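Here is how the chains run, residue by residue.
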Amino acid sequence: MRSTRLGLWTLLNFIVICVTLLSNNMAVLATNRRPNIVLILTDDLDVSIGGMFVASPLCCPSRASILTGKYPHNHHVINNTLEGNCSSLAWQKSQEASTFPALLQRYLGYQTFFAGKYLNQYGSTEAGGVEHVPPGWDYWFALERNSKYYNYTLSVNGKAQRHGQNYSEDYLTDVLANRSLEFLQYKSNYRPFFMMVSTPAPHAPWTAAPQYEGRFTDVKAPRDPNFNVHGKDKHWLIRQAKTPMTNSSVQFLDDAFRKRWQTLLSVDDLVEKVVKKLEVRGELENTYVIFTSDNGYHTGQFSLPLDKRQLYEFDIRVPLLVRGPNIKPNQTSQLLVTNVDLGPTILDIAGFDVNKTQMDGVSFLPLMNGKSQNVTWRTDMLVEYEGEGQNVSDPSCPLLGPGVWGCFPDCVCEDAINNTYACVRTISPTANLQYCEFDDNEVFVEVYNLTADPFQLSNIAKSIDQEVLEKMNHRLMMLQSCSGASCRTPGVYDSRYKFDPRMMFSNQGPRISRLRQPLK
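Residues numbered from 1 in each chain as written. Predicted model: local features only at pLDDT ≥ 70, side-chain atom pairs only at ≥ 80, totals over all residues. Heavy atoms only, no water.

Peer 1: Account for the environment of P395, naming residues and giving values.
Peer 2: Position of P395 among the secondary structure elements: in the loop between β12 (389–390) and β13 (404–407). Judged by relative accessible area, which is 78%, P395 ranks as exposed. Taking the C-alpha atoms as reference, P395 lies 8.9 Å from C407; in sequence the two are twelve residues apart. (Helix = DSSP H or I, 4+ residues; strand = E, 2+ residues; numbered from the N terminus. Buried < 20%, exposed > 50% of the residue type's maximum accessible area, 1.4 Å probe, protein only.)

Peer 1: I'd like to hear about the packing of aromatic side chains, residue by residue, with values.
Peer 2: Within this structure, the stated rule accounts for 28 aromatic pairs. Ring plane angle 80 degrees and centroid distance 5.8 Å describe the contact between F183 and F193, whose orientation is recorded as edge-to-face. Taken as a pair, F183 in helix α7 (residues 172–186) and F193 in strand β7 (residues 193–198) lie far apart in primary sequence, ten residues in all. Assigned by exposure class, F183 and F193 land together as buried. Here the aromatic residues F100, F114, Y118, Y122, W137, W140 and F194 are joined through ring pairs into a cluster of three or more. Above the plane of the ring of F216 lies R215, whose end atom (NZ or CZ) is 5.6 Å from the centre. (Phe/Tyr/Trp six-rings, centres within 6.5 Å; stacked < 30°, edge-to-face > 60°. Lys NZ or Arg CZ within 6 Å of the ring centre and 35° of its normal.)

Peer 1: An account of the packing of α7 against helix α9 (residues 247–280) is requested, with residue identities and associated values reported.
Peer 2: At a closest axis distance of 9 Å, the pairing of α7 and α9 adopts a crossing angle of 5 degrees. For the element pair α7 / α9, the angle class is roughly parallel. On α9, the residues that touch T173, D174, L176, A177, S180, L181, L184 and Q185 of α7 are S266, V267, L270, K273, V274, K277 and L278. Among the residues forming the contact of α7 with α9, the class breakdown is eight nonpolar, four polar and three charged. (Axes fitted to C-alpha atoms, helices over the stretch in contact; angles between N-to-C directions. Parallel < 35°, antiparallel > 145°, perpendicular 65-115°, else oblique. Contact = heavy atoms within 4.5 Å. Nonpolar A, V, L, I, M, F, W, Y, C, P; charged D, E, K, R; others polar.)

Peer 1: Describe the state of the cysteines, listing the residues and the values that go with them.
Peer 2: With the rule as written, the count across this model stands at five disulfides. Two residues, C397 and C411, share a disulfide whose sulfurs are 2.4 Å apart. Here C411 lies in the loop between β13 and β14 (413–416) and C397 lies in the loop between β12 and β13, a separation of 14 residues in the sequence. In terms of burial, C397 and C411 fall into one category: buried. Disulfide connectivity for the protein chain, with bonded cysteines indexed by sequence position, reads 1-2, 3-5, 4-6, 7-8, 9-10. (Disulfide = S-S within 2.5 Å.)

Peer 1: Describe helix α11 (residues 342–350), listing the residues and the values that go with them.
Peer 2: Within α11, eight of the nine residues are buried, leaving the element largely enclosed by the surrounding structure. The complete set of buried residues in α11 reads L342, G343, P344, T345, I346, L347, I349 and A350.

Peer 1: If you had to explain the sheet that holds strand β17 (residues 445–449) to someone new, which residues and values would you point to?
Peer 2: Within a beta sheet, neighbouring strands are joined by backbone hydrogen bonds and run either parallel or antiparallel to one another. With respect to topology, four strands assemble into an open sheet ordered β11-β15-β16-β17, the strand pairing being antiparallel. Looking at strand neighbours, the two that pair on one side only are β11 (380–385) and β17, the edges of this open sheet. Neighbour-to-neighbour, the strand axes of the sheet open up by a mean angle of 15 degrees, direction not taken into account. Two strands pair when backbone bridges link them, and strand β15 (residues 421–428) and strand β16 (residues 431–438) are joined in this way by eight bridges, in the antiparallel orientation. Residue pairing in the sheet places Y421 in a bridge with F438 of β16. Running at roughly 65 degrees to β16, helix α13 (residues 466–480) makes contact with β11, β15, β16 and β17 of the sheet. (Pairing = 2+ DSSP bridges.)

Listed below in structure tokens is the structure:
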């Protein structure tokens, strides 16, 4: 790889930072013009150490959190289905007009450009089809439905544009790069701009560009201490995984891991082209470039072959890299940043008062520009997930009955309707903990001390000090009912409070049915 390239394949194993720079050749542009902002969002790109947390380990809820700056319990997108509010008419009416791009355009005069995957059900007939262009976007090149590399349809400012399988014309990552360069070339030079480029990579079906198909032939999925290990003290969905995995499952996940890296080489090209274009146009020094992902991914941890949807670090931690004006080279911050903070941060960069919004997140701009000493930062953040399952038994796993999803031939299922949980993730000078409760018949609890157990091998829910358990249970309940500013501040602990996980979901009201129709 050339030294000027980002080298994303290297990041997969070696990035250990929360916030860093894509380049250390920085100078502050002496101008009163608002800065430009570029957000590059990948799909399913995990990083198990360092990086940022996500509010949900699934595409559509996480993307909704990025756009709205809200936790799932406030934007109400619970999974990737229309029934789960993914790009539904209800989402459009209640949330789209107040996303951060809409605010940038409406109040700050930004030119706004979107290219790539929006929400998983975007373009569905029931949601207005590809003719629907969400408010806030001047230029709209959105993929119909979920990630693909060939044979897809784009909404080009509300008109369908169909693509085939000719690499030079249709490979989606390259199409997004070309559209981005065209925007940078022909946009107005008198208004600041916001670009959001949302690549399919490294999401399945992991189709690499032809020139990269032979790369990484010797690479395998990481063999960390939690690889191919039975999660004996975890939720039943983890315990049902077969250990050791079959040879075919291991080979499958290793092949998938290699293919995911191969698809990222085209993302590497995209990043390089965009950054070089900004540099040639003299705009790089007044532009923030943010690189991240919607959720993580697992490949063999706790003997789960591959997917996301779990509460562990490999599914909820993603890369976060930022460069821009007044950010010094090689900075690292270990403070707790989550994807609900992206919207507030981008608005803050643009000069908009985040307190005028209903966003749950907080701007992490002070952490990057050297003003963190003036900020009281959070120690806790929330993760929420609503499990999905088929309303018929999976042929691969008939004994498990209805309610499971994503089952492999050896009867290892990746999701279920009672894989519904909420977690509080705590990072402070004295604690590095995760506390989770499941909405199931037993109200299962998982607790991890990540200082002593970074790979989450041992659930300490039954051995942890009762006072700590009560405080985390209490904090989780407060976060699950928070909204706006109340999500950003530490909760006040009442010493009279007693640990009772069954209270966690008792006041959440009727839940949307999590059984869905079989996929066709």
